Amino acid sequence: MSQLLEKAREFEQKELNKINMEERPLFHFSNPVGWMNDPNGFSDYHKEHHLFFQYYPYETRWNSMHWGHAKSKDFIKWEYLPVALAPDQEYDSYGVFSGSAIEDKGKQVLVYTGVNEILKDGKAYARQNQCVAIGDGINYQKIACNPVVRSDMLPEGSSREDFRDPKIWKEEDKYYMVVGSRGNDGSGQVALFSADQLDSWKFVGIIDKSANELGKMWECPDFYQLEEKYVLMVSPQEMEAKEREFHSGNNSVFLVGTYCKCNYKFNREKIQNIDYGLDFYAPQTMQTEDGRRILIGWMQSWDNPIYQDIHGWSGMMTIPRELTIKEGHICQWPVRELEKYRTGKVSYENVVVGKEFSLADINGRSIDMEIQLTGDTYQKYKIKLAAGDSRYSEIIYNRKEKVLTFDRTYSGLKRDVTSMRSMYVEEENGMLSLRVLVDKYSVEIFVNNGEQVMTSLIYTPLSENSISFSSDGEACMNITKYNIEV
Ligand code: FRU
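Residues numbered from 1 in each chain as written. Predicted model: local features only at pLDDT ≥ 70, side-chain atom pairs only at ≥ 80, totals over all residues. Heavy atoms only, no water.

(A) Inspection of the site of the ligand at higher detail. Not every one of the 13 residues close to the ligand is listed here, only the nearest: Asp 38, Gln 54, Asp 165, Glu 219 and Trp 302. The separation between an oxygen atom of the ligand and a polar side-chain atom of Asn 37 is 3.1 Å. A distance of 3.1 Å separates an oxygen atom of the ligand from a polar atom in the backbone of Ser 98. Compared with its free state, where it exposes 320 Å², the ligand has 96% of that area covered by protein. Of the residues that constitute the shell around the ligand, the class distribution is 6 nonpolar, 3 polar and 4 charged. (Near = heavy atom within 4 Å. Polar contact = N/O pair within 3.5 Å; in protein donor to acceptor, adjacent residues only side chain to side chain. Areas by Shrake-Rupley, 256 points an atom, 1.4 Å probe, with all protein chains shown as cover. Nonpolar A, V, L, I, M, F, W, Y, C, P; charged D, E, K, R; others polar.)

What follows is the structure, encoded as structure tokens:
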């Protein structure tokens, strides 16, 4: 084991004991210590779900990237494992960037981007190449011929500095990976590679590109079949806001279409925003043994990071979400395993919502709540969550404008960051349905059975846990709330 890896493992172990567990999310994954961003290597190995992540154990700020590691039997309870990778080779000395994993011939294979810097005319330039490490679920050996996929294998004019985040899969004894890249027009593209052996890859083609329409660099690609469609998932940087569909900066999108394996052509039919909230980026998926496609994302983003310095850790992942397709549209729903942890059911039916009020036992900071809203004599309906004397976060449904807003302006923020985001929603047969997961510092809103999702962080002391409802007319609400106990 390299000294860098040993040091990271020891540090993590030592610091972990100092963390106040009460402050951690209960049913969402948070990193042991330090900083976390993207999910990596989300996959099954020896019948358990593994999650790696971009990790800097020493501080709650992004810095020289390692891979942290955890595993779970049910996506809800996670067991921390020792740091998996450190930037300990010449070719990855600047950082072990994002990537993915598969189980292969009894081993766990990790592929990641090795970043190093070269000096040219006194200036430092990053070089990003794809590397392989093979292990037993705890310890990994970087293979001798790394990097195995180099930026000089890309077509003429492609960037050497932006070439990262390989997602690997295996099909009929052949390995494939998609990698994010920047083409000769400066905007994002996804390159496909294939290999018979893990150390001998060849470039197959560019399967889709931004053409300067969907942001610049495309980060963290993923490519998979979902029912009758194929989905290329990317996280574009530097996007321009478009009505209520996309916000400025980093977004994550599903590109839905068809794929012909005979000529490796992906035919994009549709673009869909993955999450309309304030804090969501770099999602990755895996397939479970029972065939479900599960997505997990980083519950934060680069333009808006508010560092949770106080806790000694600063990252959270979304609830893992099952993906399905309904009439060409991808729906996301919390993994069914979460339902095992529901307790203390409280239900109310046909509640008339007018002036602000609370309901007995509807409160909490680790809850799963389902609401069905009907009625046509109101324009605005509001839920205040994580509320105390002066702090609260609001979900606001403007029925007339068909807009759902999440607003955390008064959640306890002390920095001038974006606090509000809105999306268009449609009632179905006169009803809007919401499922709201609150887990200490996060709020995930699933609208109309997961047709749309909105994920945001809040920064409210845990003692503030009231919930209230109001409308400017008479909205009618059915509500069921569970506590989550893990
Ligand atoms: C996405 C990303 C990846 C990169 C990683 C570095 O959030 O920028 O493209 O591999 O983070 O930590």
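So, next bit.
(B) A look at the layout of surface pockets. Estimates place the volume of the largest pocket at around 740 Å³. Elements represented by at least two residues in the lining of the largest pocket include exactly strand S1 (35-45), strand S5 (95-104), strand S9 (163-171), strand S13 (218-226), strand S17 (281-287) and strand S19 (321-326). Broken down by class, the residue content of the lining of the largest pocket amounts to 12 nonpolar, 6 polar and 12 charged. (1 Å grid on protein atoms, 1.4 Å probe; cavity = no way out; pocket = protein on both sides within 12 Å on 5 of 7 lines; lining within 4 Å. Points joined across faces, edges and corners; volume = space filled by probe spheres on them. Helix = DSSP H or I, 4+ residues; strand = E, 2+ residues; numbered from the N terminus.)

(C) Representation of the sheet that holds strand S25 (residues 403-407). If you trace the 5 strands from one edge of the open sheet to the other, you get S26-S25-S24-S23-S30, paired in antiparallel fashion. Edge positions in the open sheet fall to strand S26 (420-424) and strand S30 (466-471), since each of these has one partner strand only. Neighbour-to-neighbour, the strand axes of this sheet turn through a mean angle of 15°, independent of strand direction. In terms of strand pairing, strand S23 (residues 380-387) meets strand S24 (residues 393-398) through 6 bridges, oriented antiparallel. Bridging from a neighbouring strand, Leu 385 pairs with Ser 393 of S24. (Pairing = 2+ DSSP bridges. Axes fitted to C-alpha atoms, helices over the stretch in contact; angles between N-to-C directions.)

(D) Structural view of the packing of aromatic side chains. Taken as a whole, this structure holds 28 aromatic pairs when the rule is applied. Ring centres of Tyr 56 and Tyr 58 lie 5.4 Å apart, and the angle between their planes is 70°; this geometry places the pair in the edge-to-face category. Since its relative accessible area comes to 21%, Tyr 58 is described here as partly exposed. Between the aromatic rings of Phe 193 and Phe 203, the centroid separation amounts to 5.6 Å while the plane-to-plane angle is 70°, which identifies the pairing as edge-to-face. Remark: Phe 203 occurs in strand S12 (residues 201-209) and Phe 193 occurs in strand S11 (residues 188-195); sequence separation between them is 10 residues. Residue classification places Phe 193 among the buried positions, given a relative accessible area of 0%. The exposure class assigned to Phe 203 is partly exposed, which follows from its relative accessible area of 28%. Within the aromatic cluster, the residues linked to one another by ring pairs are Trp 169, Tyr 176, Phe 223, Tyr 230, Tyr 259, Tyr 264 and Phe 266. Above the face of the Tyr 125 ring, Lys 120 is positioned so that its terminal group lies 5.8 Å from the ring centre. Taking the ring centre of Tyr 441 as reference, the NZ or CZ of Arg 365 above it sits at 5.9 Å. (Phe/Tyr/Trp six-rings, centres within 6.5 Å; stacked < 30°, edge-to-face > 60°. Buried < 20%, exposed > 50% of the residue type's maximum accessible area, 1.4 Å probe, protein only. Lys NZ or Arg CZ within 6 Å of the ring centre and 35° of its normal.)

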